[in-house]
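As a plain string of letters, each chain reads:
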There are 2 protein chains.
Amino acid sequence: MQKPSLPKGTRDFGPVQMFRRNYILDTIRDTFQLFGYQQLETPAMENLSTLTGKYGEEGDQLLFKILNSGEFTKDVTPGDLEKGPSGVLSKVSEKGLRYDLTVPFARYVVMNRNELTFPFKRYQIQPVWRADRPQKGRYREFYQCDADVVGTDSLVCESEIILMIRRVFSKLGLTSYGIKINNRKILTGIAEAIGEPGKEGPLCVAIDKLDKVGWEKVQEELIQRGFEAASIQNLSPLVNLETDLKGKIEFLKVFLKDSPTGLKGVEELEEVFSLLEKMGEDLAHVEFDIMLARGLSYYTGAIFEVKVYGVSIGSVSGGGRYDNLTGVFGLPGVSGVGFSFGVDRLYDVMDELNLFPGDRVNGTKLLLAHFDQKGLDYALSVLNSFRKTGIKSEVYPEVAKIKKQLEFASKKEIPFVGICGDNEISTGTLSVKNLATGTQETLTIEEALALLG
Amino acid sequence: MQKPSLPKGTRDFGPVQMFRRNYILDTIRDTFQLFGYQQLETPAMENLSTLTGKYGEEGDQLLFKILNSGEFTKDVTPGDLEKGPSGVLSKVSEKGLRYDLTVPFARYVVMNRNELTFPFKRYQIQPVWRADRPQKGRYREFYQCDADVVGTDSLVCESEIILMIRRVFSKLGLTSYGIKINNRKILTGIAEAIGEPGKEGPLCVAIDKLDKVGWEKVQEELIQRGFEAASIQNLSPLVNLETDLKGKIEFLKVFLKDSPTGLKGVEELEEVFSLLEKMGEDLAHVEFDIMLARGLSYYTGAIFEVKVYGVSIGSVSGGGRYDNLTGVFGLPGVSGVGFSFGVDRLYDVMDELNLFPGDRVNGTKLLLAHFDQKGLDYALSVLNSFRKTGIKSEVYPEVAKIKKQLEFASKKEIPFVGICGDNEISTGTLSVKNLATGTQETLTIEEALALLG
């Protein structure tokens with residue numbers, strides 16, 4: 001007899017976890033919809049030709065590949081086998097599991113470009129799979145929640161991303177967090193201004209680690225990456241800049257005065273803030289972080305990252321604007337901006353801050369309990385009235401000790417038990433016990449409906 | 001430049017399909033919850049040791065297997081390669097994609113048996129994958145919606161399955177359908193009564209095809225399967241039985257009088273009907289189909305199948321009771337009963353019968369349109385009021401021809417457009433156009449909120 005287990009890095013989500021996950025996902029979904037985003041779902045499997053080459057060499061390694069069906073070895077020669085994985089892979093596998101939601105979205109846009117109405121605002125909430133080494137907080141299957149709009153350059157989209165993040169966090173009860181924002185063009189301008197034009201790529205990679213490793217280590221890395229000492233010196237006023245949002249903007253207008261690209265980035269940022277003002281909104285939680293780079297190389301405009309303060313896992317959301325998402329699939333010039341919530345991280349943050357609602361509003365509200373077959377029959381006769389008014393309710397389905405039935409209710413976190421004894425049967429009532437308070441009162445069915453409805 | 005495509009047998013679900021799928025799934029989910037079922041999600045990937053041997057030899061062939069990560073060829077010898085797939089498979093793959101929701105559920109119950117409260121009622125709505133040959137209505141990725149209760153023999157569960165099916169169908173507007181019900185024990189009894197005891201297995205396989213191929217062909221198959229001509233003769237009164245539900249039960253009480261198992265099956269069925277009566281429910285849509293067998297061999301009690309009449313794809317739901325779901329994972333004696341909705345089939349049926357709601361209640365309700373930058377700014381200034389009252393709304397994010405913006409609203413099926421022209425700006429109003437009727441009226445923001453809220 002085999003003892004079953006789960007694959008490494010994967011999880012089951014039981015009723016309690018599902019309730020909490022849905023609490024987060026429903027909040028995100030409502031917000032996306034409120035802002036006009038429409039849902040898309042793509043298949044778990046994509047052709048490997050769609051996936052490979054999109055996530056760098058490391059990403060290709062982390063793709064889960066699916067073995068071809070049937071005679072999958074038929075094209076493999078002993079010579080292929082000798083070459084190892086690289087000789088065999090393309091002959092035994094042509095599909096892989098979704099690695100993120102962005103590439104499938106780009107594929108979808110290209111395949112449906114003639115039917116779609118642009119600007120196209122889509123959201124997508126689905127699991128992705130990565131063959132990463134599993135560790136705390138890192139799984140091989142996890143959900144992503146993406147919202148993207150493609151087909152417009154309008155910075156209204158960027159402003160609305162800030163509003164959506166604030167709405168989700170406010171609904172979830174998260175109050176201590178920062179929406180860090182920057183613009184990739186500013187980073188380009190900084191590379192020019194410090195005397196290393198065109199090197200914003202390595203500059204970004206290095207300063208992306210500033211939070212984690214500190215300025216000393218970043219300087220070492222910049223030297224290794226061939227930056228001149230003078231350039232690094234030029235960079236340091238930025239790293240140590242102690243001023244507010246407006247102050248940073250004024251500083252950059254001078255610092256970047258010879259870089260049209262850099263100034264464009266500042267201008268875009270100011271426009272995002274100005275649009276918020278036009279919408280009657282303030283800059284609460286918005287932090288202009290000149291050093292924010294984010295790893296992904298396809299960003300060309302605004303960059304976002306959201307950090308929750310005072311918890312172990314901080315970064316729970318991020319995104320940015322890209323100019324050429326679909327170019328790799330043959331459709332150039334589709335600009336867009338998008339962002340993503342990390343649900344597993346938000347879950348951990350909510351858990352750490354004890355922010356999940358205590359009552360399980362999605363669960364059964366009433367259990368009908370009984371002492372004998374007669375009581376069960378009576379319970380069955382009144383059960384329908386509760387369900388017909390939409391009250392989630394169930395009957396303990398077999399004759400059993402009342403203690404066992406109360407334990408059942410308690411373990412399932414059912415808040416009310418309607419006890420069906422001889423008295424209740426003869427008077428057409430229910431003794432409704434509130435498990436939280438321990439109080440019990442005898443009610444007519446109508447009164448019970450009113451109490452629980 | 002590559003032209004992207006989808007893997008065979010898989011689909012994208014765009015906004016319209018998602019709205020419709022969610023309409024079905026929400027209805028099913030609400031109903032499951034109303035009856036006290038709790039949600040479970042399991043990983044897409046399971047160990048192959050969990051999956052193989054559970055679905056028969058054909059099922060094993062149809063499992064999607066995942067290639068091991070990294071140096072996946074390292075244990076494969078040229079000798080293995082010579083043997084073909086059977087020599088190589090176990091060395092290159094140890095995980096597969098979920099084939100149904102039942103086996104993962106059984107695994108979950110066994111792994112969590114000490115934490116779960118029985119009877120455990122769970123529902124699960126997730127995709128499954130099968131490497132079947134794709135054809136009309138058959139996909140390689142499709143959703144299943146299962147509800148099961150384990151840990152009780154109570155026939156209340158069977159009665160409630162009938163109620164859940166009726167509720168879902170009623171909410172979806174489906175009126176012409178039959179919930180076919182039978183009991184596996186009756187089939188066992190029939191095998192005994194016709195003089196072929198112990199042969200209910202092949203009997204089931206053959207008569208399961210009765211609807212598709214007719215009685216003549218079934219007889220031929222029974223002969224091939226070694227049934228005596230006399231036994232088949234004994235079976236024919238059952239096949240041609242023209243009577244109502246009560247008549248069938250009376251007939252079987254005589255026909256099965258020497259089979260205690262068969263009589264137990266009839267008794268269980270009567271109990272299910274009697275429980276419905278106790279719950280104040282009738283037998284609407286319930287059809288006792290003595291010949292209903294269903295393919296799966298693990299059923300031991302009630303069997304269900306739901307057919308919609310007057311459409312090309314009829315069977316949209318099914319299930320039954322099993323006595324030993326978890327035995328294969330080392331936990332014997334866990335009885336349960338469950339059923340499943342086929343979402344893709346329900347979708348096709350709803351589509352064929354034109355039952356989807358015409359208005360896209362999940363979509364954006366209001367688009368703010370404008371003629372120039374001033375109008376866009378005004379639109380931005382009023383947009384928040386709508387969102388704050390929960391009205392799904394958006395602004396056309398850039399200055400564009402009004403015709404283009406109206407087309408955008410029309411294509412996205414947004415029912416109302418709030419036009420922001422100079423008049424509206426100066427009077428603090430909106431000209432709200434109803435795209436369905438073509439009427440337009442100038443409203444204050446408060447009036448517009450009241451109209452759309």
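Residues numbered from 1 in each chain as written. Chains lettered and ligands numbered in written order. Predicted model: local features only at pLDDT ≥ 70, side-chain atom pairs only at ≥ 80, totals over all residues. Heavy atoms only, no water.

Some details on the overall build of chain A
From N to C terminus, chain A includes 19 helices and 16 strands. For chain A, whose C-alpha radius of gyration is 28 Å, the value lies well above the compact-globule estimate of 22 Å for 453 residues. Overall, chain A is about 90 × 65 × 45 Å in size when its C-alpha atoms are taken along their principal axes. Taking all 453 residues of chain A together, 58% fall into the buried category. The long-range share in chain A, meaning contacts at least 24 apart out of those at least 6 apart in sequence, stands at 68%. Accessible surface computed for chain A: about 18600 Å², of which carbon and sulfur atoms make up 49%. (Helix = DSSP H or I, 4+ residues; strand = E, 2+ residues; numbered from the N terminus. Rg over C-alpha atoms; globule rule 2.2 N^0.38 Å. Buried < 20%, exposed > 50% of the residue type's maximum accessible area, 1.4 Å probe, protein only. Contact = heavy atoms within 4.5 Å. Areas by Shrake-Rupley, 256 points an atom, 1.4 Å probe, with all protein chains shown as cover.)

Some details on the packing of aromatic side chains
Residue and element names in this part refer to chain B. This structure, assessed with the given rule, holds 28 aromatic pairs over all chains. Arranged with centres 5.3 Å apart and planes meeting at 85 degrees, the rings of Tyr-396 and Phe-408 form a pair that is edge-to-face. Of this pair, Tyr-396 sits in the loop between strand 13 (393-395) and helix 17 (402-411) while Phe-408 sits in helix 17, and the two are 12 residues apart along the sequence. Like Tyr-396, the residue Phe-408 is buried in the burial classification. (Phe/Tyr/Trp six-rings, centres within 6.5 Å; stacked < 30°, edge-to-face > 60°.)

A word on the relation of the copies chain B and chain A
Taken as rigid bodies, chain B and chain A are interconverted by a rotation of 180 degrees and an axial shift of 0.0 Å, the fit giving an RMSD of 0.0 Å. As the rotation angle and translation indicate, the two copies are arranged about a two-fold axis. Ranked by how close their C-alpha atoms come to the rotation axis, the residues of chain B are headed by B:Ile66, at 2.3 Å. A shared interface surface links the copies, since 100% of the contact residues of chain B are contact residues in chain A too. (Least-squares fit on C-alpha atoms with pLDDT ≥ 70 in both.)

A word on unusual backbone geometry
Of note, the amide linkage connecting A:Phe118 to A:Pro119 takes the cis form, showing an omega dihedral of -5 degrees. You will see that B:Glu413, though not glycine, has its phi angle at about 55 degrees, which is positive. With respect to the helices and strands, B:Glu413 occurs in the loop between helix 17 and strand 14 (416-420). Classification of B:Glu413 by relative accessible area gives partly exposed; the value is 37%.

Some details on the domain arrangement of chain A
By domain assignment, chain A separates into domain 1 (15-63 + 99-352) and domain 2 (366-452). Computed over C-alpha atoms only, the centres of domain 1 of chain A and domain 2 of chain A are separated by 51 Å. (Domains from an automatic or database assignment.)

Digging into the interface of chain B and chain A
Listed as interface residues are 103 residues of chain B and, on the opposing side, 103 residues of chain A. Along the contact surface separating chain B from chain A lie 10 salt bridges. Ranked by residues supplied to the side of chain B that touches chain A, first place goes to helix 16 (residues 373-388) of chain B with eight residues. Looking at the side of chain B that touches chain A residue by residue, the classes come out as 46 nonpolar, 32 polar and 25 charged. (Salt bridge = Lys/Arg side-chain N within 4 Å of Asp/Glu carboxyl O. Nonpolar A, V, L, I, M, F, W, Y, C, P; charged D, E, K, R; others polar.)

Considerations on the nonpolar core
Judged by nonpolar contacts, the single largest core of 101 residues is most densely connected at A:Phe386, B:Phe32, B:Phe169, B:Ile190, B:Leu235 and B:Phe341. Looking at which element gives the most residues to this core, the answer is helix 7 (residues 156-172) of chain B, with 10 residues. Discounting chain neighbours no more than four positions away, the residues touching B:Phe32 are B:Tyr37, B:Tyr123, B:Cys145, B:Asp146, B:Ala147, B:Met164, B:Phe339 and B:Phe341. With 99 residues, the next largest nonpolar core counts A:Val156, A:Val286, A:Ala302 and A:Phe339 among its residues. (Core = buried A, V, L, I, M, F, W, Y, C linked by side-chain atoms within 4.5 Å.)

A short note on the confidence of the model for chain A
Chain-level statistics for chain A give a pLDDT mean of 93 and a share of 98% at 70 or above. The ipTM assigned to the predicted complex is 0.92, against a pTM of 0.93. (pLDDT = per-residue confidence, 0-100.)

Some thoughts on the sheet that holds strand 13 of chain B
Residues and elements named next belong to chain B. The strand order across the open sheet built from five strands is 13-12-14-15-16, with neighbouring strands paired in mixed fashion. Each having just a single partner strand, strand 13 and strand 16 (440-444) make up the two edges of the open sheet. With direction set aside, neighbouring strand axes in the sheet form an average angle of 30 degrees. Here strand 15 (residues 429-434) pairs with strand 16 via five bridges, running antiparallel. (Pairing = 2+ DSSP bridges. Axes fitted to C-alpha atoms, helices over the stretch in contact; angles between N-to-C directions.)

Here's the deal with the pairing of strand 11 (residues 336-342) of chain B
Residue and element names in this part refer to chain B. Judged by how many residues are buried, strand 11 sits mostly within the fold: six of seven residues are covered. Looking at chain direction, strand 10 (residues 315-322) and strand 11 are connected through six bridges and run antiparallel. From the neighbouring strand, Gly-318 faces strand 11, where its bridge partner is Ser-340.

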